[in-house]
Structure formats: structure tokens, C-alpha cells
Amino acid sequence: MTIDVAQTNFNFTASSSTSSTSVGASAPISFNIAKLGSENVTYTMRYTSAISGTFNYNGNSYAPGDVIPVSAGSFSGSYTGTQAGSSNLRFTVTASNGVSKSSNVGITYNNTAFTFTGSPADASIYKDENTNLNFAISEASPSGQTFQMRYVINSGSGVIRDGSGNVRNSNTYYTVSAPGSFNWNFLGTTVGQADITFYAN
């Protein structure tokens, strides 16, 4: 008689009930490792992602490439994308006997719609005086994402500082305390009208 003795194997699946969500939101991911055989083996998991984010499992946060200890059976985690785009997550489980299996999960992260407003506290000042620049950013729904702001001086000149007094250079993005209201400051250094355009993302 002939008996074929195969190496202990397993099946691995990963899936999410969420295919699209907002940047900064957490998407649940379900996993299953179905062991085939009786050999005593252990398992670890790694993942890759096409966008920035973190995988959360069992109370811990993992970056792409980190070794994640897992067990056979069903378990769940979540992925939080911190930039817009398709995550193209690929999870790979490796058994202690060397057998590896991979499964892909596609979750698209979208920027949350928001409104951005701004106005000077004083529309008219004297040279070498300053005025606060009042801004507000509000989201259609909370996302946890961070916001940046930059400006371009179209005409005139002046010095712009953030709420802490730090000079902010033209055409450079800076992280701001948003959503919510916050203030910057403008110092007029020349006589004439200063026309400034602010951008947020």
C-alpha cells in the first residue's frame, strides 16, 4: 500500500465589509486561518499597503512589514488609512513550518468634504500694525484627518505668523488646528492693499 504524508497546510482568507470610507476612519477586517492537518504550528502575519495608515489588532497598532502574532481560527482587526486612495492591502500569513498564504483586501479612502472660511479682524490698518486673520474649517462628518494651510500674496507685502507667533512663509503648507476655528496674524509692512489667497487641504 502507498500512503502519502503531506505537510500540514492551511487556508487563509481576509475580507472587509467596508469597501469605501473617509480618510482617518477605521475599516473592520475579518480573517480566518483554517488549519489542515494536526502538526503543532504557530502563525505570524505581515501586510503591505499602497497608502499610509496603520493596522490595529488585539489592542496594538502595526505598520506595514511588522510581524503580527496570530492564531488559527477567526479573528478581526481594523485598518485606518491616513491618506486618500486605494489601500490595496495584502495580508500574508506564514506558518512555523514555512507554508505561506496571502489574501488581498481593497478599501478606498476618500477625503472628507469640508468648508474653509477666512477673514481679517480689521480690513484697514496702518503700516507696521497687525491684525488677526480668523479662519474656520468644518467637516461634513468627523473623519479624524488633519488639515494643512498655505497662502500666496498676490499683491502688497507683509509678515504672516501663526497663532503661536511663528513666521509662516508663502506657498508652504503648515498643519493647522482644525477642524474648528483658529487665528493667524498679518503685519502690514508696506503702504497699499495686500491681497492674499489662502488654501486648505
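Computed from a prediction, not measured in an experiment: that's the story for all the values here. (Residues numbered from 1 in each chain as written. Predicted model: local features only at pLDDT ≥ 70, side-chain atom pairs only at ≥ 80, totals over all residues. Heavy atoms only, no water.)

A volume near 510 Å³ is recorded for the largest pocket. Taken together, 24 residues form the lining of the largest pocket, with Asp122, Ala123, Ile125, Phe186 and Ala194 sitting closest to its centre. When contributions to the lining of the largest pocket are tallied by element, the ones reaching two or more residues are β13 (114–120), β14 (130–139), β18 (180–188) and β19 (195–200). Classifying every residue of the lining of the largest pocket by side-chain character gives 11 nonpolar, 10 polar and 3 charged. (1 Å grid on protein atoms, 1.4 Å probe; cavity = no way out; pocket = protein on both sides within 12 Å on 5 of 7 lines; lining within 4 Å. Points joined across faces, edges and corners; volume = space filled by probe spheres on them. Helix = DSSP H or I, 4+ residues; strand = E, 2+ residues; numbered from the N terminus. Nonpolar A, V, L, I, M, F, W, Y, C, P; charged D, E, K, R; others polar.)

It is worth spelling out the sheet that holds strand β15 (residues 147–155) at this point. Strand order in this open sheet of 3 strands is β17-β15-β19, and the pairing throughout is antiparallel. Only two strands of the sheet have a single partner each, and these edge strands are β17 (174–176) and β19. Put simply, the sheet's adjacent strands are angled 40° from each other on average, direction ignored. Strand direction decides the pairing type here: β15 and β17, joined by 3 bridges, are antiparallel. Note on β17: the bridge partner recorded for methionine 149 is tyrosine 174. (Pairing = 2+ DSSP bridges. Axes fitted to C-alpha atoms, helices over the stretch in contact; angles between N-to-C directions.)

Before going further, it helps to examine the packing of aromatic side chains. Enumeration over the complete set of coordinates arrives at 20 aromatic pairs. Judged by centre distance (5.3 Å) and plane angle (80°), the ring pair of phenylalanine 10 and tyrosine 43 falls under edge-to-face. With phenylalanine 10 in strand β1 (residues 9–15) and tyrosine 43 in strand β4 (residues 43–48), the pair connects residues that are 33 residues apart, well separated along the chain. The exposure classification of phenylalanine 10 matches that of tyrosine 43, with both residues buried. Relative to phenylalanine 31, the ring of phenylalanine 12 lies with its centre 6.3 Å away and its plane at 5°, an arrangement referred to as stacked. Here phenylalanine 12, found in strand β1, pairs with phenylalanine 31, found in strand β3 (residues 26–36); they are 19 residues apart in sequence, far enough to count as distant. The two residues phenylalanine 12 and phenylalanine 31 agree in class, both being buried. Put simply, the rings of Phe12, Phe31, Tyr47, Phe55, Tyr57, Phe75, Tyr79, Phe91 and Tyr109 pair up and form one aromatic cluster. Sitting over the face of the ring of phenylalanine 10, lysine 101 holds its NZ or CZ atom 5.3 Å from the ring centroid. Its end group placed over the ring of tyrosine 199, arginine 150 keeps NZ or CZ at 4.2 Å from the ring centre. (Phe/Tyr/Trp six-rings, centres within 6.5 Å; stacked < 30°, edge-to-face > 60°. Buried < 20%, exposed > 50% of the residue type's maximum accessible area, 1.4 Å probe, protein only. Lys NZ or Arg CZ within 6 Å of the ring centre and 35° of its normal.)

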